[in-house]
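# Structural features, examined
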Amino acid sequence: MAQDSVDFSSHYQFWMQKLSVWEHASTSETQQDTCFHLPRFQEFLRQMYEVLKELNSSTIIERFPTIGQLLAKTCWNPFILAFDESQKILIWCLCCLINKEPQNSEESKLNSWTRGLLSQILSAFRFDTKEVDLFIQSLGYTPEDYCPGLLKNMVLSLVSELRENHLNGFNTQRRMVPEKIRFLSRICIPLVTLPDIEPLVEALLTYHGHETQEVLWPEFFDAVNEAFLLKKIFLPTSAVVCLWLRHLPSLEKATLHLFEKLISSERNFLRRIEYFLKDSLLPEAACHPAIFRIVDEMFRYVLLETDGAPEVLAAIQVFTQCFVEALEKKNKQLKFTLKTYFPYASPSLVMVLLQHPKEIPQELWLQTLKHISEMLREIVEDQTHRSYGGPFECWFLFIHFGGWADIAAEQLVMSETESSEALLWLLAFSYSPRDGSLQRAQTMVELKAVLIHLKKLFRSPTLSAKDLQAVAAESPDRDPRPALCQQLSRRLLLNFLLWAPGGHAIAWEVITLVAPTDEITHEIIGFLDQTLYRWDHLCEDAPRSRKLARELLAELHASSTSPLNVGRGCRDQDP
């Protein structure tokens, strides 16, 4: 590297002067001089690339202020560009000037200028400039109109060649050699954001040859993925799927990019989560099992790292919902078996959970919930079902379809059902999968007592906030309730407020009494947002309950400085 730098610096001015002479003279002697010196000049270009590739664009401009002039003079010399080797090395040098994340207008201008030179190499390197001008004029075009058209035609020609290459298979006489495909991907790296290049980028991504190893440059995948994530390029889903299947780091980066958006978005806002998910194309791409498994594993990792944070649970649930919608839209009959998506789960349990509640008559919801509870309980508590991964794997599967747990809490309050034990077990398991059978049974006893109390009040003509506070509050003559029991009791109480005839008038007062901390306030906001989101997807016809949920959610969002604001009334507006 050091020797290359010394040789490059010592020859720099010599070749700068030569290029100036060649630029301003078109005699036969000048042309002969160019051809005579070309091998040495190519060696100089190689040395230049070895130096430039070790530097960032800012350092290059600082150390070699006139390098732009040198490269421009080279790009406009048809005798130099007539040799493929010169073209290749020159493109490499220009790529070194591209700043992937320009920090100011000067760096952005440099990127634009460099891309212009690259376009020049691609579109006009076969012709002498004067000859091109005469030819264009004879056709009645200006150079400004002709060059973009030439580039477009060249791109279309390459796209056609790539597609024919795919169809020809092993017909080696007509196939594009892997070296040329690899070279094309290298050329495209600094050009991926140019609209005229998009068809070529798509054709390269969707190209499937018969090579045993990947022929495209890894940096090409990185550049395309970055441009896609930053909305600088628009690709069809099929091309994005090919990108992520062929280059695992791109898929991982896309998933992490989604996580960053979800973390930075407004807390407990499921519609925004859904927007980010669909905009990422990950749910649609996840119709391919390999992509689904990787994204799902990354969700699992984040879930474990955050100890089951509610925001992560909500994101997994919405992701699964979007994924199932895409799967149903794409495949009336599944192209892949469900086992390929959920390899550690009971296939029969997956089939039941995949049923959308909207597709089942409401009078059969209790029956479905009981069936889900019995299947989960058998796997979790029966030692003979270890092939399905035990309690955690069952829970991780169930939270993908967490809407069933929300419906279970709703049904417990609203329905006079003999299946309350099955629903209570389902609720307790969904909130604390680590509990053993005895601990879960104790939680169910606590919840059943709360439920009995609420059912007595459900049809009461008069309700007071103090009566309902007693449901969620601690009793002075007994040990404090476990945190899980308190959380589940609040969940039942909130459902009661939304559905009980007398609950609407005192709902805000009750919430101010049972939410003394920011943490509980956020929990209630999450419940209301998730409930409205679920009702929208189920087309739930409950105008009074929906109106109350919106009012409460708007009020809680408005109380930004304090979780409680008793003096502020509920407002009839969407959150």
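Residues numbered from 1 in each chain as written. Predicted model: local features only at pLDDT ≥ 70, side-chain atom pairs only at ≥ 80, totals over all residues. Heavy atoms only, no water.

### As for the layout of surface pockets
- Of the volumes computed, that of the second largest pocket is approximately 600 Å³.
- Along its surface, the second largest pocket is lined by 23 residues, and C95, I98, K100, I189 and P190 are the ones closest to its centre.
- Listed by contribution, the elements that provide at least two residues to the lining of the second largest pocket are α6 (84-97), α7 (105-124) and α12 (218-229).
- No other element matches the four residues that α12 contributes to the lining of the second largest pocket.
- Across the lining of the second largest pocket, the residue classes tally to 13 nonpolar, three polar and seven charged.
- When residues of the lining of the second largest pocket are assigned to domains, at least three fall in each of domain 1 (8-125) and domain 2 (127-246). (1 Å grid on protein atoms, 1.4 Å probe; cavity = no way out; pocket = protein on both sides within 12 Å on 5 of 7 lines; lining within 4 Å. Points joined across faces, edges and corners; volume = space filled by probe spheres on them. Helix = DSSP H or I, 4+ residues; strand = E, 2+ residues; numbered from the N terminus. Nonpolar A, V, L, I, M, F, W, Y, C, P; charged D, E, K, R; others polar. Domains from an automatic or database assignment.)

### Details of the pattern of salt bridges
- Going through the model one piece at a time under the given rule, you end up with 21 salt bridges.
- Residue R271 pairs with E274 through a salt bridge whose shortest N-O separation is 3.7 Å. With R271 and E274 both in helix α15 (residues 270-280) and three residues apart, the pair spans about one turn of that helix.
- With a closest N to O distance of 2.7 Å, K547 and E551 form a salt bridge. Here the residue K547 and the residue E551 both occupy positions in helix α30 (residues 543-558), the gap between them amounting to four residues, near one helical turn. (Salt bridge = Lys/Arg side-chain N within 4 Å of Asp/Glu carboxyl O.)

### Concerning the confidence of the model for the protein chain
- In this model, the protein chain carries a mean pLDDT of 82, and residues with pLDDT of at least 70 account for 82%.
- When mean pLDDT is compared element by element in the protein chain, helix α16 (residues 282-285) scores highest at 96, while helix α8 (residues 129-139) scores lowest at 50.
- This model gives residues 124-129 a pLDDT under 50, and the stretch forms 11 contacts once residues within four places in sequence are excluded.
- Counting contacts from residues 168-174, a segment whose pLDDT is below 50, to residues more than four positions away or on other chains yields eight contacts. (pLDDT = per-residue confidence, 0-100. Contact = heavy atoms within 4.5 Å.)

### Some points on helix α29 (residues 518-538)
- An ideal rise of 1.5 Å per residue puts 30 Å on 21 residues; α29 measures up with 30 Å between its terminal C-alpha atoms.
- Count one or two residues on from α29 and you reach C539, which has phi positive near 55°. (Expected span 1.5 Å × (residues − 1).)

### Here's the deal with unusual backbone geometry
- For K231, which is not glycine, the phi dihedral falls at a positive 60°.
- Turning to its location among the elements, K231 is positioned in the loop between α12 and α13 (237-246).
- Even without being a glycine, D307 presents a positive backbone phi close to 55°.
- Mapped onto the elements of the fold, D307 is located in the loop between α17 (289-305) and α18 (310-330).
- Judged by relative accessible area, which is 56%, D307 ranks as exposed. (Buried < 20%, exposed > 50% of the residue type's maximum accessible area, 1.4 Å probe, protein only.)

### Quick look at the environment of H522
- Looking at where H522 falls in the secondary structure, it is placed in helix α29.
- In the structure, H522 is positioned 35 residues away from H557 in sequence and 9.3 Å away in space, judged by C-alpha atoms.

### With respect to the packing of aromatic side chains
- Scanning the model with the defined rule gives 25 aromatic pairs in all.
- The interplanar angle of 25° and the centroid separation of 5.9 Å between the aromatic rings of Y12 and F64 together place this pair among those described as stacked. Separated by 52 residues along the polypeptide, Y12 in helix α1 (residues 2-24) and F64 in the loop between α3 (57-63) and α4 (67-75) bring together distant segments of the chain.
- Taken together, a centroid distance of 5.8 Å and an interplanar angle of 45° make the contact between F392 and W395 tilted. Of this pair, F392 and W395 are both found in helix α22 (residues 390-400), three residues apart, which corresponds to roughly one turn of the helix.
- Taking NZ or CZ as reference, R182 lies 4.7 Å from the ring centre of W217, over its face.
- A cation sits over an aromatic face here: K231 above F228, 5.7 Å from the ring centre. (Phe/Tyr/Trp six-rings, centres within 6.5 Å; stacked < 30°, edge-to-face > 60°. Lys NZ or Arg CZ within 6 Å of the ring centre and 35° of its normal.)

### Looking at the packing of helix α11 (residues 198-206) against α13
- Relative orientation of the contacting elements α11 and α13 amounts to 50°, with a least axis distance of 8 Å. Relative to α13, the element α11 is oriented oblique. The element α11 and its partner α13 pack so that their crossing is left-handed. For the pair α11 and α13, contact is made by E202, L204, L205 and T206 and by S238, A239, C242, L243 and R246, respectively.
- Of the residues that constitute the contact of α11 with α13, the class distribution is five nonpolar, two polar and two charged. (Axes fitted to C-alpha atoms, helices over the stretch in contact; angles between N-to-C directions. Parallel < 35°, antiparallel > 145°, perpendicular 65-115°, else oblique. Left-handed = near helix turned anticlockwise from the far one by under 90°.)

### Examining the side chain of N77
- Turning to its location among the elements, N77 is positioned in the loop between α4 and α5 (78-81).
- For N77, the contacting residues outside a window of four places in its chain are W22 and T34.

### Quick look at helix α23 (residues 403-414)
- Here α23 spans 16 Å end to end across 12 residues, near enough to the 16 Å set by a 1.5 Å rise per residue.
- With respect to burial, α23 is a largely interior element, 11 of its 12 residues being buried.
- All of the buried residues along α23 are G403, W404, A405, D406, I407, A408, A409, E410, Q411, L412 and V413.

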